[in-house]
Amino acid sequence: MPENSSPPPSRRELREIQAQQNAQAAPEQSDGLAGLFGDQPSGGRDEQLAHPDARPPRSHDDGRTGGRGRRPRRKRRALWITLSCLALLIVAAAGLAWAGSKVYAQAMDARAHLLAAMPHAAEFRTALLAGDTAASEAAAHAFEAEAAQAASATGGRIWGVLESIPLPPAENLRAVKTVAEAAEEMGARVFVPASSIGLASLTPQDGRIDVAQLEAVGSIVGEADRSVSALAERVGGIDQSALLPQVKQGVSQIVDAIAELQPILTAASDTLEFLPAILGADEPRNYLLMFLGNAELRAGGGGPGSFIQVRAEDGALSVVRQAAATEFTSARAEPIAPLDAESEALYSDILGRWIANLTGTADFPTSAGLAQAWWAEKFDDQIDGVMSIDPVALSYLLPATGPISVPTGETLSSENAVSMLLNEVYFAYPKGVDSNAFFDGAAAAIFAQVLGGAPEPKAFLEGLLQSVDEGRIHFWSANEDERAAIGATALSGTLPTTNDDVTAVGVYFNDTTGSKMDYYVDASVNLTTDQCTASTAEPTWTTAISFTNGISRGDAESLPSYITGPYYRPGDIATDVILYAPVGASIESLTVDGVETAGTRATHLGRGAVRVSILSPPNSTQNIVATFRGAEGEPASGYGAPEVKHTAMVRETPVTLDAPGCG
């Protein structure tokens, strides 16, 4: 052993050295665990200082980035969370884009089918009116097929999820689905059932209308009306302002089609519900048919020239008797039937004292009651209903029935019926007794031709509807339920009792010349109103009427005296103009050719009304202007669309509306 060598340590010394080494390692181990788990060292500060050779604990801010520091670990964890969220967002966005693309394709597919369905709707209508059952059935099924494909395109889980999102873009999906399903229902519940209807069943054939067939048609139309009414309510809730242009086009077409169809079906359903009973399905009925002459104007169209009593029994129609107006005793001391005080105040009692004046009121039910009284006095017959028709309406029906031969040798056609019945007859038969004979024969021939059947049912029904729409055919029933079904439609010949649906003003004419000179008269009406823009003040309605006598003095002097009349110089025409305000409105002013006048003012049919007399020389125009003001406090929402009701004249009466904001 070398000299300077130390003796090997004893076991005791080895144990002490090992203990010192362990004591030095303990703080470092404890610090590493604390960094990993985020806890304080197991020993306190004083305990660490008790070991002078031990290293101080490692600071968290010593800048080291190795192994076990707290901040490096947290930074990595935040980074992974951020990256994970970003990845999820990218995946979600990709999924949403895919879903949106899929649903957009579905929506465009539905739109394409809806647009493809619409031409079939037009084909269906044309074929139905033409009586072509095969074509109408084909068009109805084609519409239904396209609509069904449109509805099918709006299905699926993804569509349902996106559709339920309560955000404006999702309104496009909801709208497409709603109209597609509505179109499918319209095809299945309206078009297909109605395609089997033959128009011939709605028109007379060999003097009879098949009431059993009418009842079957009424059932189909009634069900269709209920379906369309429900569909109209459903599609009415769509907010079209939120729709994309591509979507809005298809939606608008279906919504408009339903809106156009609804009032037609409702009117048809109401009519068909009572038509079998009107035609005597339950018990025989007696009706009085009045032929009016517009060459002598009356508020209801013209004065009655002849009458026919018609019997209806189980759909069979037959003539009981007929009579000319000259067969009744006029110039009575008292009206044939009591008049209500309002009618007498506005029109005077001449309504009931001359049979030619019974249509001199704007209220056809009043005229019908007077006609009943005149007929009952002469023939003691019970009348269950009254109908009026003028020669212009007849001319609309003649294209369907064909020309009519009159017993006196003339032939009536759609081209000459108006001129012959209202003017030329007085040249051919200048004596009243002769012209009355002509009218009697013509009335009987016309009625027989119509009852014989129309070779063109489409043309017949179109002519009938046009006549009703222009106020040339009116009907009143003694049955209260039937009157309620007719309501205030054009067929009723009445003014609406409220402003809810339409805000109507009335313009009516009564000839006081005692002549047939109104064949040469034309009129036009302009209605100006601020009812849709007057937010604070009461709205006003200004009705301006131009009344034109179009014959020259020289031509008038060459006319038969039966046309010019015995009371005025030939060519002069005297007329009472009767104006009605909207319900609740008052008459603010009235002028004739710019001169203020009071006129005869009254309340009639729940409205303010005024009558003013004018005299029209040859080749002149009189201008009558009346202004009405709405009731104080009536909200703008209380006024329906503005409309003009007027006397049906020989020629069309142009009506113009100037109503800003009313659409």
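All figures in this text were calculated on a predicted structure; none of them were measured in a lab.

**Student:** Looking at this structure, how should I read unusual backbone geometry?
**Tutor:** The backbone of D314 shows a phi angle near 50°, a positive value even though the residue is not glycine. The residue D314 is located in the loop between β2 (303–313) and β3 (316–324) in this model. Its relative accessible area of 37% is what places D314 among the partly exposed residues. Phi is positive for A331, close to 55°, though the residue is something other than glycine.

**Student:** Teacher, can you tell me more about the pattern of salt bridges here?
**Tutor:** If the charged atoms of two oppositely charged side chains come close together, the side chains can form a pair. A full pass over the atoms with the stated rule returns 19 salt bridges. Note that E313 is salt-bridged to R311, the shortest N-O span being 3.6 Å. A relative accessible area of 41% places E313 in the partly exposed class. R321 is paired through a salt bridge with D381; the nearest N and O atoms lie 2.1 Å apart. Of this pair, R321 sits in strand β3 while D381 sits in the loop between α11 (364–379) and β4 (385–389); the two residues are 60 residues apart in sequence, bridging distant segments of the chain.

**Student:** Please clarify how the packing of aromatic side chains should be interpreted in this entry.
**Tutor:** Here a ring pair, both rings aromatic, is described through the centre-centre distance and the interplanar angle of the planes. On inspection of all chains with the given rule, the structure shows 17 aromatic pairs. Their ring planes at 45° and their centres at 6.1 Å tell us that F307 and W375 sit as a pair that is tilted. Of the two residues, F307 sits in strand β2 while W375 sits in helix α11, which places them 68 residues apart along the sequence. The burial state of F307 is the same as that of W375; both residues are buried. Between W375 and F379 the ring centres are 4.4 Å apart and the planes differ by 45°, which places this aromatic pair in the tilted class. On the criterion of helical spacing, the pair formed by W375 and F379 is a turn pair, its members being 4 residues apart in helix α11. Three or more aromatic residues joined by ring pairs form one cluster here, namely F307, F328, W374, W375 and F379. Against the face of W374 rests R332, its NZ or CZ located 5.4 Å from the ring centre. Directly above the ring of F328 sits K378, whose terminal nitrogen or CZ lies 5.7 Å from the centroid.

**Student:** How should the sheet that holds β3 be read in this particular structure?
**Tutor:** Backbone hydrogen bonds are what pair the strands of a sheet, in a parallel or an antiparallel way. What the 5 strands build is an open sheet, ordered β3-β2-β1-β4-β7; its pairing is mixed. The open sheet is flanked by β3 and β7 (473–477), the only strands paired with a single partner. Taken pair by pair, the neighbouring strands of this sheet meet at an average axis angle of 20°, ignoring direction. Two strands pair when backbone bridges link them, and β2 and β3 are joined in this way by 8 bridges, in the antiparallel orientation. Its bridge partner being in β3, E313 is matched across the sheet by A316.

**Student:** Could you clarify how one ought to interpret the state of the cysteines in this entry?
**Tutor:** Linking two cysteines covalently via their sulfur atoms produces the bond known as a disulfide. Taken as a whole and assessed by the stated rule, the structure comprises 1 disulfide. The disulfide partner of C532 is C662, and the gap between their sulfur atoms is 1.9 Å. Judged by the sign of its S-S torsion, about 100°, the bond between C532 and C662 is right-handed. Here C532 is found in the loop between β9 (521–529) and β10 (540–549), whereas its partner C662 is found in the segment after β18 (655–658), with 130 residues between them in sequence.

**Student:** I would appreciate a short explanation of a negative patch on the surface in the present structure.
**Tutor:** There is a patch of like negative charges on the surface, built from E334, D340, E342 and E344. Residue position: E342 is located in helix α9 (residues 341–347).

**Student:** How should I be thinking about the sheet that holds β9 in this particular structure?
**Tutor:** One open sheet holds the 6 strands; their spatial order is β13-β12-β16-β10-β9-β18, and the pairing between them is mixed. Of all the strands in the sheet, just β13 (595–596) and β18 have a single pairing partner and so form its edges. Two elements, β10 and strand β16 (residues 620–629), share 10 bridges in a ladder whose sense is antiparallel. Across the sheet, the residue bridging to F547 is Q622, located in β16.

**Student:** Honestly, the side chain of D363 in this entry has me stumped. Any pointers?
**Tutor:** Turning to its location among the elements, D363 is positioned in the loop between α10 (350–353) and α11. Of the buried charged residues, D363 lacks a salt bridge, with R607 as the closest side chain of opposite charge at 9.5 Å. At 2.7 Å, the side chain of D363 forms a polar contact with the side chain of T366.

**Student:** Would you mind going over helix α13 (residues 417–428) with me for this structure?
**Tutor:** Note: α-helices contain 3.6 residues per turn, so residues at a spacing of three or four share the same orientation. Its 12 residues place the ends of α13 only 14 Å apart at the C-alpha level, less than the 16 Å of an ideal helix rising 1.5 Å per residue. Burial of α13 is extensive: 9 of the 12 residues sit out of reach of the surface. Buried residues along α13 sit against β1 (285–293), α12 (391–401), β6 (411–412), α14 (432–452) and α18 (561–564).

**Student:** Would you explain the pairing of strand β15 (residues 607–616) in this entry?
**Tutor:** Where a strand is regular, its side chains alternate between the two sheet faces. Taken across its 10 residues, β15 has 8 buried, putting it largely inside the fold. Taken together, the 9 bridges between strand β11 (residues 573–583) and β15 define a ladder with antiparallel strand orientation. In the sheet register, I578 faces β15, and the bridge partner there is R611. Across 5 bridges, strand β14 (residues 600–604) lies against β15 in antiparallel orientation. Note on β15: the bridge partner recorded for R601 is V610.

**Student:** Is there a simple way to explain the confidence of the model for the protein chain in this structure?
**Tutor:** Per-residue confidence for the protein chain gives a mean pLDDT of 84; residues scoring 70 or more make up 84%. Here residues 1–5 is a poorly scored stretch, pLDDT under 50, and it has 0 contacts once near neighbours within four places are set aside; other chains count. Every residue in residues 25–54 scores below 50 in pLDDT, and together they form 22 contacts with partners more than four places removed in sequence or on other chains.

**Student:** So what exactly am I meant to see when it comes to the nonpolar core here?
**Tutor:** Soluble globular proteins tend to bury their nonpolar side chains together. F143, I258, F438, F509, L579, I624 and F628 are the most contacted members of the largest nonpolar core, which totals 131 residues. The element contributing the most residues to this core is helix α6 (residues 170–194), with 11 residues. Of all hydrophobic cores here, the second largest spans 33 residues; its members include L292, F307, I383 and Y580.

**Student:** Please clarify how a nonpolar patch on the surface should be interpreted in this entry.
**Tutor:** A contiguous nonpolar surface patch, about 340 Å² in accessible area, is contributed by Y567, Y568 and L615. Secondary-structure assignment places Y567 in the loop between α18 and β11. We classify Y567 as exposed; its relative accessible area is 63%.

**Student:** It is not clear to me how the side chain of T359 should be interpreted in this structure. Could you clarify?
**Tutor:** Note that T359 resides in the loop between α10 and α11. Once residues lying within four places of it in the same chain are set aside, the contact partners of T359 are M290, L292, R298, A299, G300, G302, G303, P304 and S367.

The rules behind the values
As a convention, each chain's residues are numbered from 1 in the sequence order in which they are written. Reporting of local features is limited, given that this is a predicted model, to residues whose pLDDT is at least 70; pairs of side-chain atoms are given and counted only at 80 or more, and all residues count toward the totals for whole chains, interfaces and linings. Water and hydrogen atoms play no part in the side-chain values, which are based on all heavy atoms of the structure. Secondary structure follows DSSP: runs of H or I at least 4 residues long count as helices, runs of E at least 2 residues long count as strands, and numbering of each begins at the N terminus. The buried label goes to any residue with under 20% of its type's maximum accessible area, the exposed label to any with over 50%, and the partly exposed label to all in between, with areas taken from a 1.4 Å probe on protein chains only. Whenever a carboxyl oxygen of Asp or Glu lies within 4 Å of a side-chain nitrogen of Lys or Arg, that contact is scored as a salt bridge. Only rings of Phe, Tyr and Trp enter the pairing, Trp through its six-membered ring, and a pair is recorded when the two centres are within 6.5 Å. The plane angle decides the type: under 30 degrees is stacked, over 60 is edge-to-face, the rest tilted. Only when the NZ of Lys or the CZ of Arg is both within 6 Å of the ring centre and within 35 degrees of the ring normal is a charge said to sit over the ring. Two strands are said to pair when DSSP picks up at least two bridges between them. Working convention: axes come from line fits to C-alpha atoms, limited for helices to the stretch in contact. Angles between N-to-C directions cover 0 to 180 degrees. Note on disulfides: each one is a pair of cysteine sulfur atoms within 2.5 Å. What makes a patch is a set of residues exposed beyond 30% relative accessible area and free of salt bridges, joined within 9 Å when like-charged and within 5 Å when nonpolar (Val, Leu, Ile, Met, Phe, Trp, Tyr). The accessible surface values rely on the Shrake-Rupley method and a 1.4 Å probe; as for residues, cover is taken only from the protein chains in view. Only four residue types enter the charge count, namely Lys and Arg as positive and Asp and Glu as negative; His and the chain termini do not. Lysine's charge is taken at NZ, arginine's at CZ, aspartate's at CG and glutamate's at CD. The term polar contact refers here to a pair of N or O atoms within 3.5 Å; inside protein, the definition further demands a hydrogen-donor-capable atom paired with an acceptor-capable atom, and it admits residues adjacent in sequence only when both atoms are side-chain atoms. Here a helix's expected span is defined as the number of its residues, less one, multiplied by 1.5 Å. We call two residues in contact when some of their heavy atoms are within 4.5 Å. Every residue carries a pLDDT, the predictor's confidence in it, which falls somewhere between 0 and 100. Here, the term nonpolar core denotes a set of buried Ala, Val, Leu, Ile, Met, Phe, Trp, Tyr and Cys residues that are joined through side-chain atoms within 4.5 Å.

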